[in-house]
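# Observations on the three-dimensional arrangement
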Amino acid sequence: GWNWIKKMNELKELQRAEAFFEVVAPYLGDFFPSEYSLVEFCAGNGNIGRVFSDKGRIERVNFVDIKKVRGLEKTLKDLRCETEVNLDGVESYQIPRGDVATVAIHACGELTDKILRKSVAKGVPVAIMPCCYGRGPRGYSLVNPPDPRLLLYDCKEDYFDETRMRFLIESGYEARIERINPKITPMNRIIVGTPKKQTNQRISGGEK
């Protein structure tokens, strides 16, 4: 019945977070020489924080959302690293100083763009799996924007994510789009951006 469906959904969410980790962790591991902190936006049950804490070099996880769900309470009890929960949403959250990376799975619509801009403003690595593309990314002022003719792309999502990639690149980041197995989720793209060390120098904290 209902409990079985709920358990299956939880298992699928955890599987998605594990696939996300397998793709993203190597980039963050290469960027940070030692332990680092994680900010999980749109945290929900906190599955990314859980997986990274279990398998990565994580000293602290900050969970950011607009409400605390029951699954997050369980995650907080299970984690061995330091944790913090902020329920004021993406816009008002201030990314802390230090060696920090931001992550999110299925950040809906413009939330993806807000997280990207916040991360770039702090000069920190970012990895996001977008969803619910809607009308697409807005508010980007790019020197070399991608061609807006949607017929040139396999799907509109390609154009939207290319815009986000250009934003990262023009902000001094190395950027790429990775994918997890579409059987886990059809919205399987991950935008990964890491500041170029020679231009960013990985200065902890401080707005660019």
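Reading the values: rules and limits
- Residues numbered from 1 in each chain as written.
- Predicted model: local features only at pLDDT ≥ 70, side-chain atom pairs only at ≥ 80, totals over all residues.
- Heavy atoms only, no water.
- Helix = DSSP H or I, 4+ residues; strand = E, 2+ residues; numbered from the N terminus.
- Polar contact = N/O pair within 3.5 Å; in protein donor to acceptor, adjacent residues only side chain to side chain.
- Contact = heavy atoms within 4.5 Å.
- Expected span 1.5 Å × (residues − 1).
- Buried < 20%, exposed > 50% of the residue type's maximum accessible area, 1.4 Å probe, protein only.
- Salt bridge = Lys/Arg side-chain N within 4 Å of Asp/Glu carboxyl O.
- Pairing = 2+ DSSP bridges.
- Axes fitted to C-alpha atoms, helices over the stretch in contact; angles between N-to-C directions.
- 1 Å grid on protein atoms, 1.4 Å probe; cavity = no way out; pocket = protein on both sides within 12 Å on 5 of 7 lines; lining within 4 Å.
- Points joined across faces, edges and corners; volume = space filled by probe spheres on them.
- Nonpolar A, V, L, I, M, F, W, Y, C, P; charged D, E, K, R; others polar.

## Points about the side chain of E40
- For E40, the position within the fold is in strand β1 (residues 36-41).
- A polar atom in the side chain of E40 sits 3.5 Å from the backbone nitrogen of I48.
- E40 has contacts with G46, N47, I48, G49, N62, F63, V64 and V103, leaving out every residue within four places of it along the chain.

## Side note on helix α5 (residues 110-122)
- The end-to-end C-alpha distance of α5 is 19 Å, a good match for the 18 Å that 13 residues give at a rise of 1.5 Å each.
- In the segment just after α5, G123 is the residue with positive phi, at about 70°.

## Here we look at the environment of I66
- With respect to the helices, strands and loops of the structure, I66 is situated in the loop between β2 (58-64) and α3 (70-78).
- Residue I66 is classed as exposed on the basis of its relative accessible area, which comes to 66%.
- In this structure, the C-alpha to C-alpha distance between I66 and E13, residues 53 residues apart in sequence, is 19 Å.
- Contact partners of I66, with chain neighbours within four places excluded, come to L87 and G89.

## Side note on the pattern of salt bridges
- By the definition in use, this model includes 14 salt bridges.
- The salt bridge involving E82 is made with R60; its shortest N-O contact spans 2.7 Å. Of this pair, E82 sits in strand β3 (residues 82-86) while R60 sits in strand β2, placing them 22 residues apart in sequence.
- Exposure remark for E82: the relative accessible area of 51% places this residue in the exposed category.
- For R60, a relative accessible area of 23% corresponds to the partly exposed category.

## Re the sheet that holds β2
- Strand order in the open sheet formed by seven strands is β3-β2-β1-β4-β5-β7-β6, with mixed pairing between adjacent strands. The open sheet is flanked by β3 and β6 (173-179), the only strands paired with a single partner. Taking each pair of neighbouring strands and ignoring which way they run, the sheet shows an average axis angle of 15°.
- Contacts from α5 reach β1, β4 (100-108), β5 (126-131) and β6 within the one sheet, and its direction differs from that of β4 by about 170°.

## What about the layout of surface pockets?
- The volume enclosed by the second largest pocket comes to roughly 230 Å³.
- Around the second largest pocket sit 14 residues that line it, and E13, R16, A43, G44 and N45 are the ones nearest its centre.
- Only α1 (2-31), α2 (47-55) and β4 provide two or more residues apiece to the lining of the second largest pocket.
- If you tally residues by element for the lining of the second largest pocket, the top one is α1, at three residues.
- Class assignment for the residues of the lining of the second largest pocket results in six nonpolar, five polar and three charged.

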